[in-house]
Amino acid sequence: MSAPRPSVNTRRRPPGSRKSSKSKTRKPDYGLIIAGVIGCIVGTIVLFYVARSMPAKARSGIVAGLPNSVPIVTSPRRTIDGTGDVHAVVFQADGKGVLVGDRAGLTEYDPATGAAVTRAFPLSGKGVRAAALSPSGKTLAVALAYTKTVRIVHAANDSVDPSSLTDAAGEVEPLTFSPDGRLLLGGGVPKKLFVWDAESLIEEEPGRVFDTTAAAKSRKRLVRAIPLEGSVRGVAFSPDGRLAAVSVGRKVLLLDTGTWLVVRALAEPKMEFGGVAFSPDGKNLAAAVRDSDATPAVAWEVTTGKVAYRAERLTAGGGRFGIPPTSTAEQVAYSPNGDHLAVARADGMVALTEAKSGKARRLLQAGDRAILSVGFSPDSRTVVTGSADGSVKLWDL
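Every value quoted in this text rests on a predicted model; they were computed, and no experiment measured them.

Asks: Explanation requested: the pairing of strand E30 (residues 391–396) in the structure shown.
Replies: Within a regular strand, the side chains alternate between the two sheet faces. Across the six residues that make up E30, a large majority, five, are buried. Note: strand E2 (residues 78–81) against E30, four bridges, orientation antiparallel. Bridging across to E30, Asp 81 finds its partner in Ser 391. Judged from the five bridges that link them, strand E29 (residues 382–387) and E30 form a sheet pairing that is antiparallel. When the bridges of E30 are listed, Gly 386 appears paired with Val 392. Counted between consecutive antiparallel strands, the loop separating E29 from E30 contains three residues, among which Gly 390 sits at a positive phi close to 90 degrees.

Below, the structure written as structure tokens:
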């Protein structure tokens, strides 16, 4: 006799009822996550090296298609091979010579050929930190690197030994002559602003080494030594010579050259300043911004101290895929005709902006190293740049 079959419940579930079951939590696949992260890293590295291997013109084409971008010029008219850091590039007053201050010293080149060396000035030291040409074009002031010396060179006679200014405080960096050529302004590591009598240096005893410290009262050439809170990054005279601008850390000071007292301190939140320059009409004062992603330069109205504009932030790929990022700026220069403001950046580019509005117009790609010096030809048709890679480049506008 067979065993009885178990009873089976054949009743149907009421409509809307659900079969109860335990919900299962799915564990994350850590292996898949790790593989994805590694893939992203490898892909980024591959794209980086592919972009870096692309010609500069091809990278410029990519950048030109990005929002808020401007044309990038990669081919200068002339390239001059300097030595080491090029801290000074200055056009002669007639535009027929370019003075280059680098680790080798001070040399004049012919901008038409780029290769012809016309003069090499006899400067002892470990290179040039800064150079300034007097308005007459007859006198050069050259600050020697790693020394406490500023040499005065009589440009008309190459064989004359340069005169010299010394100070026990430390190295002098930025230099500039007053518009009338009577004063020489300098500052730097000593945390002082030096004001020298340029006329006496030119007229008396060429070749003599003058002691400019306060102790040398008998033949003193130092008009003023003004203590400051920090090292001087930039100096400039207004076109009428009544004001002097000095950048010190996070401030740009305006001084009355009659009394040498500070009449206004200019500042912007979280910005440190580099080189400074007055516009040719004297209405604006521009300063390079060394530590801000917001703008490469700021311009103030001289009479009011209000911000005239912040130079437009230029897009250069944001550093993605090997394209140079927007960077801090070192120096600024106005074109003599007042149309352009050149901003020398630490990423190897020079930003050309409209001098009256700060609107970006183009980028000059001089390389991958910092641009340490920048200037214009007297006719405003050429930009000259000096780089940390030792190159000097001439660009057509």
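Resuming the write-up.
Asks: Please clarify how the environment of Gln 331 should be interpreted in this entry.
Replies: With respect to the helices and strands, Gln 331 occurs in strand E24 (residues 329–334). Those residues in contact with Gln 331 that lie beyond four places of it in its chain are Arg 233, Gly 275, Ala 288, Ala 342, Val 343, Ala 344, Leu 372 and Val 374.

Asks: Could you clarify how one ought to interpret the sheet that holds E2 in this entry?
Replies: Each strand in a sheet pairs with its neighbour through backbone hydrogen bonds, running either in the same direction (parallel) or in the opposite one (antiparallel). Spatially, E2-E30-E29-E28 is the arrangement adopted by the four strands of the open sheet, whose pairing is antiparallel. Across the chains shown, the open sheet's two edge strands, defined by having one partner strand only, are E2 and strand E28 (371–376). Neighbouring strand axes in the sheet, compared pairwise and without regard to direction, differ in orientation by 15 degrees on average. Strand direction decides the pairing type here: E28 and E29, joined by five bridges, are antiparallel. Residue Ile 371 lies in a different strand from E29, and its bridge partner there is Ser 387.

Asks: Got a minute to help me understand the nonpolar core in this structure?
Replies: Within soluble globular proteins, side chains that are nonpolar generally end up buried alongside one another. Ranked by size, the top nonpolar core spans 19 residues in total, and within it Val 332, Tyr 334, Leu 341, Val 343 and Leu 363 carry the most contacts. Every element with two or more residues in this core is listed here: strand E21 (284–289), strand E22 (297–301), E24, strand E25 (340–345), strand E26 (349–354) and strand E27 (360–365). Per-element tally for this core: the top contributor is E24, with three residues. Leave out the neighbours within four places in its chain, and Val 332 touches Gly 275, Val 276, Ala 277, Ala 286, Ala 287, Ala 288, Ala 297, Leu 341, Ala 342, Val 343 and Val 374. Counting 15 residues, the second largest nonpolar core, distinct from the first, contains Ala 236, Phe 273, Leu 285 and Ala 287.

Asks: What exactly am I supposed to notice about the sheet that holds strand E13 (residues 192–197) here?
Replies: An order of E11-E12-E13-E15 is seen for the four strands of this open sheet, with the pairing classed as antiparallel. Edge positions in the sheet fall to strand E11 (172–177) and strand E15 (222–227), since each has one partner strand and no second. On average, adjacent strands in this sheet sit at an angle of 15 degrees to one another, irrespective of strand direction. Here E13 pairs with E15 via five bridges, running antiparallel. For Lys 192, the partnering residue across the bridge sits in E15 and is Pro 227.

Asks: What am I meant to see in the environment of Ser 247 here?
Replies: Mapped onto the elements of the fold, Ser 247 is located in strand E17 (residues 243–248). The sequence separation of Ser 247 and Gly 230 amounts to 17 residues, and the corresponding C-alpha distance is 9.2 Å. For Ser 247, the residues in contact, after removing those within four places along its chain, are Ser 231, Val 232, Arg 233, Gly 234, Val 252, Phe 273, Gly 274 and Val 276. Polar contacts involving the side chain of Ser 247 include one to the main-chain carbonyl oxygen of Gly 274, which spans 2.6 Å.

Conventions and cut-offs
Every chain's residues receive numbers from 1 upward, in the order its sequence appears when written. Local features in this predicted model are restricted to residues whose pLDDT is 70 or higher, and side-chain atom pairs enter the listing and the counts only when it is 80 or higher, whereas totals over whole chains, interfaces and linings include all residues. Only heavy atoms go into the side-chain values, all of them from the structure, while hydrogens and water stay out. Type-normalised accessible area, obtained with a 1.4 Å probe on protein chains alone, sets the label of each residue: buried when under 20%, exposed when over 50%, and partly exposed for intermediate values. Secondary structure elements follow DSSP: runs of H or I of four or more residues count as helices, runs of E of two or more count as strands, with numbering from the N terminus. By this definition, two strands are paired if DSSP reports at least two bridges between them. Here a residue-residue contact requires only that any non-hydrogen atoms of the pair lie within 4.5 Å. Under this scheme, a helix contributes an axis fitted over its contacting stretch, all axes are lines through C-alpha atoms, and angles between N-to-C directions fall in the 0 to 180 degree range. Buried Ala, Val, Leu, Ile, Met, Phe, Trp, Tyr and Cys residues that are joined via side-chain atoms within 4.5 Å together make up what is termed a nonpolar core. For this analysis, a polar contact is any N or O atom pair within 3.5 Å, provided that within protein one partner can donate a hydrogen and the other can accept it, and provided that sequence-adjacent residues contribute only side-chain to side-chain pairs.

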